[in-house]
Structure formats: C-alpha cells, structure tokens
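# Remarks on the overall topology
As a plain string of letters, each chain reads:
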Amino acid sequence: MKSITPKSMIALIALAISAFAIGTTEFVIVGLLQTVASDLSISVTKAGTLVSGYAAAIAIGTPIVTALTNRLPKKGLLLSLLVIFIAGNALSAFADTYSLLLLSRIITAVAHGVFFAIAATVAAEIVPKDKQAQAISFMFTGLTVATILGVPFGTLIGQNLGWRATFLAVAVLGIIALIANGLSIDKPERKEEKLTVRDIGRLIGNPRIILALLMTSFGFGGTFALFTYLAPILEKVSSISPDHIFWMLLLYGAATAVGNIIGGKITNQHPVKALRWVFLFQLIALQLQIVLLPNTMLSYLSVVLLGLFAFMMSPGVQSYIVSLAEKLVPSAKDLASALNISGFNIGIAGGSALGGFAIDYLDYLDTAWIGGLMVVVALILSVINYRLDVKQKLF
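All of these numbers come straight from a predicted model, not from anything done at the bench.

Here we come to the overall build of the chain. Secondary structure summary: the chain contains 16 helices and zero strands in total. Residues classed as buried in the chain amount to 58% of the 395 residues present.

Turning our attention to the packing of aromatic side chains. Geometrically, a pair of aromatic rings is defined through the distance of the ring centres and the angle of the planes. In the structure shown here, the tally under the stated rule is six aromatic pairs. On the basis of an interplanar angle of 85 degrees and a centroid distance of 6.3 Å, the ring pair of Phe115 and Phe116 is categorised as edge-to-face. Phe116 matches Phe115 in its accessibility class, with the two residues each being buried. Ring geometry for Phe281 against Phe309: centres 5.8 Å apart, planes inclined by 20 degrees, an arrangement best described as stacked. A residue pair is termed long-range when its members are at least 10 positions apart, and Phe281 in helix α12 (residues 271–292) and Phe309 in helix α13 (residues 298–310) qualify at 28 residues. Positioned above the aromatic ring of Tyr386, the side-chain terminus of Arg276 is 4.1 Å from the ring centre.

What follows deals with the pattern of salt bridges. Where side chains of opposite charge bring their charged atoms close, a pairing between them can arise. Per the counting criterion, the structure on display carries one salt bridge. Salt-bridge contacts for Asp39 lead to Arg164; the nearest nitrogen and oxygen are separated by 2.9 Å. On the criterion of sequence distance, the pair formed by Asp39 in helix α2 (residues 33–40) and Arg164 in helix α7 (residues 163–184) is long-range, its members being 125 residues apart. The partly exposed category is assigned to Asp39, whose relative accessible area is 42%.

This paragraph deals with a nonpolar patch on the surface. On the surface, Ile290, Val291, Phe357, Tyr361, Leu362, Trp369 and Leu373 cluster together into a nonpolar patch covering about 720 Å² of accessible area. Secondary structure elements with two or more residues in the nonpolar patch: α12, α15 (333–361) and α16 (366–392).

This part covers unusual backbone geometry. Look at Ser41: it is not a glycine, yet its phi comes out positive at around 60 degrees. Locating Ser41 in the fold gives a position in the loop between α2 and α3 (44–68).

What follows deals with the packing of α12 against helix α14 (residues 314–328). Following both chains from N to C, one finds α12 and α14 inclined at 150 degrees, their axes separated by 9 Å at the closest point. In this view, α12 runs roughly antiparallel relative to α14, as classed from their interaxial angle. Of the two possible hands of crossing, α12 and α14 adopt the one that is left-handed. Between α12, through Pro271, Val272, Leu275 and Phe279, and α14, the contact on the second element is made entirely by Gly316, Val317, Ser319 and Tyr320.

This part is about the nonpolar core. Leu15, Tyr252 and Phe279 are the most contacted members of the largest nonpolar core, which has 97 residues in total. Among the elements that make up this core, the one with the highest residue count is helix α5 (residues 98–125) (twelve residues). Here Leu15 is in contact with Leu78, Phe115, Ala119, Val122, Ala123, Met139, Asn181 and Ile185, once residues within four sequence places are set aside. Val28, Leu40, Leu50 and Tyr98 belong to the second-largest nonpolar core, a separate cluster that totals 15 residues.

Mapped onto the fold, Pro128 is located in the loop between α5 and α6 (132–161). Using a relative accessible area of 17% as the deciding quantity, one classes Pro128 as buried. Residues Pro128 and Thr5, 123 residues apart in the sequence, show an inter-C-alpha distance of 9.3 Å.

Further remarks concern the packing of helix α9 (residues 207–227) against α16. Two numbers describe how α9 lies on α16: the axes approach to 8 Å, and their chain directions differ by 155 degrees. Taken together, the axes of α9 and α16 are roughly antiparallel relative to one another. Between α9 and α16 lies a crossing whose hand is left-handed. Considered class by class, the residues forming the contact of α9 with α16 number 15 nonpolar, eight polar and two charged.

Here the focus is the confidence of the model for the chain. On average, residues of the chain score 80 in pLDDT, and 90% of them are at 70 or above. Highest mean pLDDT in the chain belongs to helix α4 (residues 74–94) (90); lowest belongs to helix α8 (residues 198–204) (71).

Moving on to the side chain of Ser302. Structurally, the position occupied by Ser302 is in helix α13. In this structure, Ser302 is in contact with Gln289, Leu292 and Leu293, ignoring residues within four places of it in sequence.

Before going further, it helps to spend a moment on α14. Structurally, the α-helix is built with 3.6 residues per turn, so residues lying three or four positions apart point the same way. For α14, which comprises 15 residues, the first-to-last C-alpha distance of 21 Å matches the rise-based estimate of 21 Å (1.5 Å per residue) to within 8%. Among the 15 residues that make up α14, twelve are buried, leaving the element largely enclosed by the rest of the structure. Those residues of α14 lying buried are Ser314, Pro315, Gly316, Val317, Gln318, Ser319, Tyr320, Ile321, Val322, Ser323, Leu324 and Ala325.

With that settled, the discussion passes to the environment of Gly221. Position of Gly221 relative to the elements: it lies in helix α9. Expressed as a C-alpha distance, the spacing of Gly221 and Met374, which sit 153 residues apart in the sequence, is 6.5 Å. Contacts of Gly221, omitting those with residues within four sequence positions, involve Gly347, Gly351 and Met374.

All right, on to α9 then. Counted at 1.5 Å a residue, the expected span for α9 with its 21 residues is 30 Å, and the 30 Å between its end C-alpha atoms agrees. Taking burial as the measure, the 21 residues of α9 include 16 buried ones, the bulk of the element. One side-chain oxygen of the residue at the start of α9 lies 3.0 Å from the amide nitrogen of Arg208, identifying that residue as Asn206.

Cut-offs used in this document
- Residues numbered from 1 in each chain as written.
- Predicted model: local features only at pLDDT ≥ 70, side-chain atom pairs only at ≥ 80, totals over all residues.
- Heavy atoms only, no water.
- Helix = DSSP H or I, 4+ residues; strand = E, 2+ residues; numbered from the N terminus.
- Buried < 20%, exposed > 50% of the residue type's maximum accessible area, 1.4 Å probe, protein only.
- Phe/Tyr/Trp six-rings, centres within 6.5 Å; stacked < 30°, edge-to-face > 60°.
- Lys NZ or Arg CZ within 6 Å of the ring centre and 35° of its normal.
- Salt bridge = Lys/Arg side-chain N within 4 Å of Asp/Glu carboxyl O.
- Patch = residues over 30% accessible without salt bridge, like charges linked within 9 Å, V, L, I, M, F, W, Y side chains within 5 Å.
- Areas by Shrake-Rupley, 256 points an atom, 1.4 Å probe, with all protein chains shown as cover.
- Axes fitted to C-alpha atoms, helices over the stretch in contact; angles between N-to-C directions.
- Parallel < 35°, antiparallel > 145°, perpendicular 65-115°, else oblique.
- Left-handed = near helix turned anticlockwise from the far one by under 90°.
- Contact = heavy atoms within 4.5 Å.
- Core = buried A, V, L, I, M, F, W, Y, C linked by side-chain atoms within 4.5 Å.
- Nonpolar A, V, L, I, M, F, W, Y, C, P; charged D, E, K, R; others polar.
- pLDDT = per-residue confidence, 0-100.
- Expected span 1.5 Å × (residues − 1).
- Polar contact = N/O pair within 3.5 Å; in protein donor to acceptor, adjacent residues only side chain to side chain.

The following block contains the structure:
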C-alpha cells in the first residue's frame, strides 16, 4: 500500500491554506451583518442577502464556469481563481455601497466554488488511489477550521477595526495561498476530453448522480440547521456566558477537524459504505443535543459530539461523487465535483432556512430534530446508493 509522498503532502497543505481563506470569507459575513448594515445604512435582512446571494452564486455559477474552463490547465486555473478571489475580497474591503459589496461577493463566490471543485480532483490525483478520500479530507480540513477559527477571528477583527479590515485580512490570506499553490503544485498534463455545458445535462440526467447529490445536500442541511444558530443556542439554552462562546466555538472547531480526518480515513475504500454509519452517528449526535444542550456542563460534551460528526461526511461525499462520475460519466469528473459543491451550498441554504424557521416559530432546540430529519433522508439515500453500487458492481 503506497503512502502519500512529502511533495504531495506539501501540495495538500497549500490547498488546505486556500480552503481556510476561502471558507473564512463565505461565513465571516454572518458575524458582521449588524456592523455592515449600520455602516451601509441598510436593514439587517437586506444585509442577510450577502450570505444567501453568496451561496446562490456558488450553487449556480460553479458547474457552469467549471464546464467552460475545463480545457484550461488545472494549475493555471487554480492560481487564476485565487487571483480573482483576492480581487473580490479587496473590492469588498473598499465597497461603499450595498450593490458594490453584493457584486464583490458574487465574484468571490464563483471563484470559491470552482476552486473547490478543481482542488478536490487535484487532491485526489496527486495521491495513491486508496488515499484519495484522505487527501480530500485533508484539504477540507482547511474549510472546517475556517468555519470555526476564521469566522470568530474575522468577526473580532471586524468589530475592532471595522468590517473592511476583515476582508483585507482575508485578501492577505489569499495572497499567501496563491504563493503556496504556485510553489507546491505541479503542472498536470492537459486533458484530452473536451467538456461542455451540455455535460451538465448528462450528469443531471443520470439518476445515480442525482441520488449522490441529494445525499450531500440533505447531509449538510442537517448540520447547518443547528450550526447556523449555535452561538445564540449556547447563550440562550445552555446559559453559556457570551465571553465563553468564543472558546466553545474553538472546541467545536477542534472536534470538526478531528471528525474530518476520521471521515477521510474510513471512506477511502468505498465512501458510501462508510457514509451509512457516518450519517447514523450524525443523527444520534443531533438528537442528543436536545438532552445535552440545556445543561451548562453537558453542553461542552454536546459541542464536541456535534462538531465531531458535523463534517465527517465531507471527504466521503466528495470522493464518492468523483468516483461515481469516473465510472458513469468519465468526461465530466470535474463537473461532478463542481455539482457536489453546489450540493453543499444548497444544503447550507436549506438547512439554515429551516433552522431559522424553528428559531422564529418553534424553539431553539427544535433545530436539532429538524436537522435530524434531513440527516434521516441522507441516511436512506446512502443505503440506496450502497445497494445500487453492489447491484451494479461499481466498486
């Protein structure tokens, strides 16, 4: 069994740094909504479209742009996307109107989605076949850590130095990522296949691809139904002091990083086979929140459990869609990866919306069972996918 070479590991670290920078810019706006709204003299609800607009741009733009740029060399494309990402964040930092800020977010979002789609396939290509899910999980660790570390620190910068300083800081992270990728990633051979936008139809028209994408969306939706509102839940339900929320989020972040690494290791051979268990434990962890979160001391355990299983699916679902596309629609592997990134963001948007419904009309803890219902769907889809794989002898 071959191992990951030092050169490949350095390249994976560069991709993880990129994931950290890109992941930070997507969610940091959540902690800065009130600040941005006040500065631009708009409502908080309107400022909220900076979040939903970003997710929508990823979901819609990623597969289309990926298809249009498929003939470009991957290294050059990755570096170009990072340049666009840096420019988008710089534009955000200097935006003096809502419209300009929204435009800068959309530009950044498209670069975000396409980068992850291409980076996932690059990560899989630079390691041995049986290490692909592990390599993808390592890259996605940057994203999970960004969700927890990048967002609170970015919010802290924005609250003390102004929200524009946060976007400048992210742009600097982007420059570091650009240099790291430029130095560590080898130029791959040009692909022979010509991919067009019509391949989107081929993928969407394949029932197996659709089942895999739905599994991704519902799995991530279950996580974000509760995670989106974790901070106010900890404060209002668990009676955690606002001064301690930051440390709780750091604890959650450490757990997500561990879970992501574990997810990569257990999904190396047959991703969906292991995902059945991942979704089951995610479901259990979500339901335990109803019991654990109301107790201040037990809420620390609840955060660890929630974080551990929240992103454990990430490498598995990404590796699965790429492997499935290789067997069913070989010319559209990169596009399948892009569609899965769209699936992530559709799940994020859907889960957050359902969680918001619970906050407005039910109770904070209702986000747990609502998220659990979404995970049940993901679990059922994982079982169906596994049985179809066995029947069709795909793995």
